[in-house]
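# Fold and contact review
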Amino acid sequence: MGEHDVGSGMTRRRMLGIGGTLGSMAVTGLSASAAMARRPAVTGALLRSAIPLPPPFQVPLPIPAVLKPVSTAGGADRYEITQREATVEILPGVRTPVWTYEGTFPGPTIESRSGRPVTVTHRNELPVPTVVHLHGGRTPAASDGYPTDLVLPEGWPDPGHGGHHRGHGGHGSGHGGHGSGHGMHHDPRAVVTRLTRDYTFPLEQRPALLWYHDHRMDFTAPAIWRGLAGLQIVRDDAEDALGLPAGRRELPLVIMDRSFAADGGLDYPALDPTLRGRLGVREPYIGGVLGDVILVNGAPWPVHEVDAVRYRLRILNASNARHYELEAVSDDGRRLDLVQVGADQGLLAAPVTHRVLPIAPAERYDVVIDFSGVPVGGRVRVVNRLGSGRTREVMAFRVARKAADGSRIPRVLSGDLPAWRRSDAVRVRDFSFRAGRLHGDHGWVIDGLPFDPARSDVTVGLGEVEVWRLVADVHHPVHLHLVGFRILSRSGRLPLPHDAGLKDTVALRPGESAEIITRFDGYRGRYLFHCHNAEHEDMGMMANLEVV
Ligand code: C2O
Ligand code: CU
Ligand code: CU
């Protein structure tokens with residue numbers, strides 16, 4: 001991958017991402033410069049539901065249950081999660097089979113404390129192998145959910161030879177690309193288990209909203225779509241002491257889009273609906289699958305009753321490909337301030353006030369909204385400026401009553417944000433994120449190459465600071481495992497207001513480049529970076545990040 005030493009020049013051509021191999025894509029077939037001029041609002045194609053959709057703001061907002069630990073002894077919390085099929089009611093009166101963590105969609109929330117280790121024993125009772133990744137976690141590689149570190153379900157054919165396989169022989173060979181076998185990849189380093197696996201998270205990291213989700217090679221997008229996503233919240237005493245809205249005035253909001261088939265099931269344009277053999281989606285959806293139903297915490301366009309006070313919203317975009325630009329609009333047409341207090345990797349140094357909050361797949365925003373100016377009985381709709389028709393609506397708040405508010409938004413939120421400077425960087429690397437070829441078909445590539453678990457892409461030294469320059473053809477939300485980073489620039493200009501704080505996902509817009517800086521701290525081992533448009537990720541847009 002394009003690597004050069006600090007100080008070496010980079011041509012303007014590369015900086016702008018012009019002249020790279022651009023795929024010929026029907027949906028997203030824009031040259032970088034044309035895309036830069038047009039900046040299409042979406043990357044992906046809309047999949048329409050085949051059943052009538054409910055009116056908005058009828059279903060109450062569910063709050064995912066907090067998972068109870070099976071043990072809190074010895075300074076660590078132990079949890080057990082069974083991954084299994086369940087039938088849930090998402091649309092009123094419609095039964096929808098989903099894949100779940102512990103029977104619910106989204107999965108249960110794990111509440112944890114910074115520095116207090118958590119072990120989650122996952123048991124796979126689904127019909128396919130799974131992998132669990134804690135997104136945003138600073139996790140030893142063995143528990144980070146590398147895409148070939150499969151947990152095989154009971155009865156899944158024993159894989160072939162090569163690699164480690166705890167308890168059950170070897171791990172498979174042959175690539176699981178278009179049309180081959182059981183999605184097994186030749187990866188001699190894979191650690192495969194059968195039925196269960198313990199994932200251990202030391203959580204030596206800042207308090208933040210994390211999420212866990214499936215990360216299986218080639219099939220992450222459909223697995224998340226079917227329901228394999230949940231929240232893990234990390235807190236600490238300093239954050240608790242800030243006086244931000246808390247208790248029932250702190251709301252996790254997991255936003256996803258989905259589409260429904262005529263039989264009430266979730267629709268998804270997988271080339272192989274069994275998710276066993278051929279990866280990828282049908283032609284029009286290669287840019288990403290966009291649903292026409294907006295869910296928050298698993299409910300369609302829900303409504304939530306609030307007091308006329310401040311609320312803290314912990315927002316996650318768990319959509320595969322849909323971007324949002326969120327606004328909170330009262331019935332009299334006023335836009336409420338969204339006071340951002342945190343980013344992907346926790347608290348900002350100081351609050352940043354937005355009227356519009358762009359959120360790409362996998363990004364999180366921690367915002368405080370104040371309903372005290374809204375009359376009792378009034379309503380505040382959360383709107384997505386990038387949507388159209390029904391997908392413009394996200395959810396609504398109904399202000400039910402006046403109430404006392406003891407919360408506050410301190411001017412200083414946190415003093416421990418890393419302030420890496422360019423001069424700290426030992427290396428600058430360049431990466432392009434573009435359409436390309438995967439097994440002779442449409443795909444998505446980083447620096448021209450589709451993901452290969454057996455290839456070495458980037459090797460970094462533990463503790464070293466690097467600057468990465470990323471350039472995109474269409475929208476690519478780029479995510480790094482293990483580390484948080486700061487955004488230094490966008491297309492040579494200052495970062496945007498919502499780029500503040502410590503991030504683990506940066507949303508590149510069409511034709512845009514961004515510079516990020518990070519220290520590769522934490523653990524040695526094999527990690528990843530990839531596009532978090534989940535369809536792009538499955539169709540090649542991922543690379544290895546080895547920390548040595
Ligand atoms: Cu949210 Cu590699 O993942
Ligand atoms: Cu991640
Ligand atoms: Cu992408």
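For the structure itself, consult the block above.
Residues numbered from 1 in each chain as written. Chains lettered and ligands numbered in written order. Predicted model: local features only at pLDDT ≥ 70, side-chain atom pairs only at ≥ 80, totals over all residues. Heavy atoms only, no water.

A few words on the overall build of the chain. Secondary structure summary: the chain contains five helices and 37 strands in total. Burial status across the chain gives 62% buried among its 548 residues. The contacts in the chain between residues at least 6 apart in sequence include a share of 77% that link residues at least 24 apart. Summed over all atoms, the accessible surface of the chain reaches about 19,300 Å², with 51% contributed by carbon and sulfur. (Helix = DSSP H or I, 4+ residues; strand = E, 2+ residues; numbered from the N terminus. Buried < 20%, exposed > 50% of the residue type's maximum accessible area, 1.4 Å probe, protein only. Contact = heavy atoms within 4.5 Å. Areas by Shrake-Rupley, 256 points an atom, 1.4 Å probe, with all protein chains shown as cover.)

The next subject is the coordination of the copper ion (ligand 2). For the copper ion (ligand 2), every protein donor is listed as His-133 (NE2) and His-479 (NE2), and the spread of their distances is 1.9 to 2.0 Å. Residue His-133 is located in strand β7 (residues 132-135), and its partner His-479 is located in strand β32 (residues 476-480); the two are separated by 346 residues in the primary sequence. The exposure classification of His-133 matches that of His-479, with both residues buried. (Donors = N, O, S within 2.8 Å, 3.2 Å for Na, K, Ca; no water.)

On to the pairing of strand β3 (residues 77-89), then. In regular strands, side chains alternate between the two faces of the sheet. Taken together, the seven bridges between β3 and strand β6 (residues 118-124) define a ladder with parallel strand orientation. Within β6, the residue paired with Gln-83 across the bridge is Asn-124. Strand direction decides the pairing type here: β3 and strand β4 (residues 95-101), joined by seven bridges, are antiparallel. Residue pairing across strands places Ala-86 opposite Val-98, the latter belonging to β4. Here β3 hands over to β4 after five residues, with Gly-93 in that stretch at a positive phi of 75 degrees. (Pairing = 2+ DSSP bridges.)

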